[in-house]
Amino acid sequence: TGAGMMDAKKALVENDGDFEAAGKWLRERGLGKAAERSDRENAQGAVAIAGNDGVVAMVELRSETDFVAKSPDFVNLVNDIAELVATKGEAAVSEKQEAIDDLKVTLKENIDLGRVFRFEAAPGNALDAYLHVQNDRGVNGVLVEVAGGDKALAHEIAVHIAFGKPGYLTRDEVPAAEVEQEREALLAETKNEGKPEQAWPKIVDGKLNGWFKRVPGGALVEQPFARDDKQTVAQVLGDATIVRFAQIVIGG
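What comes next is a walk through the structure. (Residues numbered from 1 in each chain as written. Predicted model: local features only at pLDDT ≥ 70, side-chain atom pairs only at ≥ 80, totals over all residues. Heavy atoms only, no water.)

What follows covers the nonpolar core. If you look at the biggest cluster of nonpolar residues, it comprises 20 residues, and the most contacted ones within it are V59, L61, F74, I81, V85 and I111. Mapped by element, the contributors of at least two residues to this core are β1 (44-51), β2 (55-63), α3 (66-69), α4 (72-88) and α5 (97-107). Per element, the largest residue contribution to this core is seven residues, and it comes from α4. Apart from residues no more than four positions distant in its own chain, I81 is found in contact with V59, V93, K96, I100 and L113. (Core = buried A, V, L, I, M, F, W, Y, C linked by side-chain atoms within 4.5 Å. Buried < 20%, exposed > 50% of the residue type's maximum accessible area, 1.4 Å probe, protein only. Helix = DSSP H or I, 4+ residues; strand = E, 2+ residues; numbered from the N terminus. Contact = heavy atoms within 4.5 Å.)

Here's what the structure looks like:
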């Protein structure tokens, strides 16, 4: 069960030596304690990716510390969940809830399932993924689906996303209120610079274009490409288009 010796002894005493009942008693007692930890921050964890050319899944398992996140039991579980999601779909994560609960008990941290993505490529589309591994656990994962391009192009875009950490695919996806707030801030900044009033609109538009390209957080297709910042991601894509992407960064 992973319980300490004295806890195991107490469980056997409480259950008249019945091993099965004692194990159940320990698990219930452990889950009770785990519930008390549920409000503790769990910004650490691990990311796993699984699948093939047609279907890829990405899963995050969250923990309180990186020490727990890089432990073999933790990494093996997140890998198993990713395989399950790739094979059976996102709803299949419920099959691993008991395993997650057991890990909460044995590792004594607030552990729970984080973000889950599953991409199934449309006919003719290319699908690829990238996972940056640090200290034996995935810490930065990306899925991307591309139309009109091949797997190699999808991989290049996935690697860029890992670095660029875009918040949106295009500038049209940025909430209008957020854009307007930034525009007002840039206008105030431009006024303070003492620029001529008639030039303000053009200057603000130029600064806003730069804001959309920012790294991280900007619009993906407008960002300077990670391998060649003289090109934007849109220029690298050419006639191809990005259908969708997803990214999980531990602690981000």
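For side chains bearing opposite charge, pairing can occur when the charged atoms are close. Under the counting rule described, the total for this entry stands at 15 salt bridges. With a closest N to O distance of 2.7 Å, K207 and E189 form a salt bridge. Here K207 is found in helix α8 (residues 200-212), whereas its partner E189 is found in helix α7 (residues 176-192), with 18 residues between them in sequence. Accessibility expressed as a relative area gives 22% for K207, which makes it partly exposed. In this structure, the salt-bridge partner of K207 is E193, at a minimum N-O distance of 3.1 Å. Of the two residues, K207 is situated in helix α8 and E193 in the loop between α7 and α8; the sequence distance between them amounts to 14 residues. Its relative accessible area of 39% is what places E193 among the partly exposed residues. (Salt bridge = Lys/Arg side-chain N within 4 Å of Asp/Glu carboxyl O.)

This part is about α8. Compared with an ideal rise of 1.5 Å per residue, which puts 13 residues at 18 Å, α8 spans 18 Å between its outermost C-alpha atoms and is within 8% of the ideal. Within α8 the residues assigned to the buried category are W200, V204, L208, W211 and F212. Each buried residue of α8 sits inside an arc of 105 degrees when the element is viewed along its axis, so together they form one side. Tucked inside the fold, the buried residues of α8 contact α7. (Expected span 1.5 Å × (residues − 1). Arc of directions from axis to C-beta.)

Glancing now at α7. Across its 17 residues, α7 extends 24 Å between first and last C-alpha, which sits within 8% of the 24 Å expected from 1.5 Å per residue. Buried within α7 we find V179, L186 and T190. Burial along α7 is one-sided: seen end-on, the buried residues are contained in an arc of 40 degrees. Opposite its buried face, α7 presents the exposed residues A177, Q181, E184 and N192, each directed more than 90 degrees away. Where α7 is buried, its residues meet α8. In the stretch just after α7, G194 is the one whose phi turns positive, near 80 degrees.

It is worth spelling out a negative patch on the surface at this point. A cluster of acidic residues, E14, D16, D18 and E20, forms a negative patch at the surface. Inspection of the secondary structure puts E14 in helix α1 (residues 5-14). (Patch = residues over 30% accessible without salt bridge, like charges linked within 9 Å, V, L, I, M, F, W, Y side chains within 5 Å. Areas by Shrake-Rupley, 256 points an atom, 1.4 Å probe, with all protein chains shown as cover. Lys, Arg positive; Asp, Glu negative; His and termini not counted. Charge placed at Lys NZ, Arg CZ, Asp CG, Glu CD.)

Below, the discussion takes up the pairing of β2. Within a regular strand, side chains alternate between the sheet's two faces. Burial analysis of β2 places eight of its nine residues in the buried class, which makes it a mostly covered element. Strand direction decides the pairing type here: β1 and β2, joined by eight bridges, are antiparallel. When the sheet's bridge partners are listed, Q44 is paired in β2 with S63. Alignment of β2 against strand β3 (residues 112-120), held across seven bridges, turns out to be antiparallel. Residue pairing for β3: L61 is matched across the bridge by L113. (Pairing = 2+ DSSP bridges.)

Two elements in contact, α4 and α5, have axes whose closest approach is 11 Å; the angle formed by their N-to-C orientations is 170 degrees. In this view, α4 runs roughly antiparallel relative to α5, as classed from their interaxial angle. Taken together, the residues of α5 that come into contact with α4 (itself represented by D73, F74, L77 and I81) are A99, I100, L103 and L107. Residues belonging to the contact of α4 with α5 are distributed by class as follows: seven nonpolar, no polar and one charged. (Axes fitted to C-alpha atoms, helices over the stretch in contact; angles between N-to-C directions. Parallel < 35°, antiparallel > 145°, perpendicular 65-115°, else oblique. Nonpolar A, V, L, I, M, F, W, Y, C, P; charged D, E, K, R; others polar.)

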